[in-house]
Amino acid sequence: MAYLTGVATLEYEAIPDPPMGFQLQLDFGEKKVRTESGSWKKLYALGAVLSHSRHKYGEWSETPLTTSFLMGMLMNCFSFYGGVPQEIVIDQDALMVVSENDGEIIFTHQFEQFRNKMGFKLWVCRKGDPESKGRIEAVVKYLKQGFAANRTFTDISSWNQSCLDWLDRTANRKVHGTTKKVPAEVFALEKQYLRPVPSLWSLPKDSVTRSVRKDNTILYKSNRYSLPIGTYAPGKEVRLKIVEDKLVLMNIEDDSLIAEHQLSSGKGELIRTEIISETMSSTLPACTKKFCEP
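Residues numbered from 1 in each chain as written. Predicted model: local features only at pLDDT ≥ 70, side-chain atom pairs only at ≥ 80, totals over all residues. Heavy atoms only, no water.

## Section: the nonpolar core
Next up, step 1: Within the largest apolar cluster, 25 residues are counted, with the highest numbers of intra-cluster contacts made by Leu 24, Phe 78 and Phe 114.
Next up, step 2: Ranked by residue count, the leading element in this core is helix 1 (residues 67-81), at eight residues.
Next up, step 3: Counting residues in hydrophobic clusters, the runner-up holds 15 residues, among them Ala 45, Val 49, Ala 148 and Ala 171. (Core = buried A, V, L, I, M, F, W, Y, C linked by side-chain atoms within 4.5 Å. Buried < 20%, exposed > 50% of the residue type's maximum accessible area, 1.4 Å probe, protein only. Helix = DSSP H or I, 4+ residues; strand = E, 2+ residues; numbered from the N terminus.)

Quick look at the structure:
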C-alpha cells in the first residue's frame with residue numbers, strides 16, 4: 001500500500017497475502033519469437049497468478065486479444081485451477097494490449113455478461129501501483145524472458161502445452177523467494193476455496209462490442225466510424241464484426257444491420273460512408289438519411 005510523506009515521496013508497506021481462493025492477478029504481454037523457418041512471429045500472452053499460493057498460469061495467442069479470446073482464456077484458466085476466485089486484479093495500462101477495444105474491454109457488454117455469470121469482482125489497478133499488481137508483473141516477465149526467449153515456435157497448441165509444462169517444472173514446483181513455500185503444495189489446499197466454475201456457459205460470437213459515443217460514432221483501431229444520427233443513448237453499445245475488408249455494425253439484441261463501412265488503414269480518421277439499416281433509417285427525419293434530396 002502506498003502513502004505520501006511530508007516530502008511528497010511515495011513509500012510502501014507490506015500488506016498481508018489475500019485469503020486462499022480470494023484473488024487472481026492478470027496481466028498481458030507481447031513477445032516476438034523465432035519460428036522454424038527462421039522468421040519472427042509476434043505472440044500475445046496472458047499471465048495469471050493466485051495471490052495466496054503464487055501458483056502461476058500462462059497462455060498465448062497468435063492474434064491480438066479480443067473480448068472473446070480473453071473470455072476463452074479466462075475459461076481455460078478457471079478450468080486449469082478448477083474454480084473461480086472471488087476477485088480478479090488487472091492493470092489499467094495492460095488493457096491497451098487488448099487492442100480490439102482500445103483499453104475498454106472491462107466495459108463491454110460481452111465481458112460484463114461473462115463477469116456476472118462467473119461471479120467474480122474486477123479490480124482495476126491504478127498506474128504505478130506495484131504493491132497491487134507486482135506479483136503478476138513478475139509472472140509476465142517470467143513468461144517472456146524465461147520461457148519464450150529461447151524457444152522455437154511451431155504451432156500455438158504445442159507452444160501453450162509446453163508453457164504449462166515448463167511452469168509446472170519451474171515456478172510452481174520451486175520454493176518461492178518471498179513465501180518460502182512451494183506454490184504447487186500451497187495450491188493443493190487453496191483450490192478447495194475456489195468457487196465451482198458455472199456450467200452451461202457458451203462464449204459469445206467472435207465479434208466485438210463498442211460503446212456508442214455522443215457524436216454517434218464508434219472507435220476502432222484509432223479511427224471513428226459513424227452511425228446514424230439518433231443511435232446514441234447512455235450506455236448504448238453495438239456489435240462490431242469484420243467481414244473481409246468491411247466493418248459491419250449491428251444491434252446487440254437481434255444482430256440487425258445498422259451501418260457498414262470500408263475499413264481504413266489510417267489513423268485518426270472519421271469514416272462516414274455508412275449504409276444505414278432500413279429499421280434505423282425509417283425512424284430518422286428525411287434530411288438525416290445518407291442520400292438526401294435537394
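Structure shown, so let's carry the discussion forward.
## As for the side chain of Ser 61
Next up, step 1: One can find Ser 61 in strand 5 (residues 56-61).
Next up, step 2: Since its relative accessible area comes to 3%, Ser 61 is described here as buried.
Next up, step 3: A polar contact of 2.7 Å, which involves the side chain of Ser 61, links it to the backbone oxygen of Thr 63.
Next up, step 4: Not counting chain neighbours up to four residues away, the residues in contact with Ser 61 comprise Leu 43, Tyr 44, Phe 69, Met 73 and Ile 156. (Polar contact = N/O pair within 3.5 Å; in protein donor to acceptor, adjacent residues only side chain to side chain. Contact = heavy atoms within 4.5 Å.)

## Digging into the pairing of strand 11 (residues 223-226)
Next up, step 1: Sheet topology note: the strand 10 (residues 217-220)/strand 11 ladder contains four bridges and is antiparallel. By the bridge assignment, Leu 219 is partnered in strand 11 with Arg 224.
Next up, step 2: Here strand 10 folds back onto strand 11, and the loop between the two strands holds two residues, one of which, Lys 221, carries a positive phi near 50 degrees.
Next up, step 3: The pairing of strand 11 with strand 15 (residues 270-271) spans two bridges and is parallel. (Pairing = 2+ DSSP bridges.)

## With respect to the packing of aromatic side chains
Next up, step 1: Tallied over the full model, the rule gives 14 aromatic pairs.
Next up, step 2: Between Phe 111 and Phe 114, the aromatic rings sit 6.0 Å apart at their centres with planes inclined by 45 degrees, giving tilted as the arrangement. Taken together, the residues Phe 111 and Phe 114, both in helix 2 (residues 109-118) and three residues apart, mark about one turn of the helix.
Next up, step 3: Its relative accessible area of 3% is what places Phe 111 among the buried residues.
Next up, step 4: On the basis of relative accessibility, which here comes to 0%, the residue Phe 114 falls in the buried class.
Next up, step 5: With centroids separated by 6.4 Å and ring planes inclined at 65 degrees, the aromatic side chains of Phe 111 and Phe 120 adopt a geometry described as edge-to-face. (Phe/Tyr/Trp six-rings, centres within 6.5 Å; stacked < 30°, edge-to-face > 60°.)

Nothing here speaks to function; it is geometry throughout.
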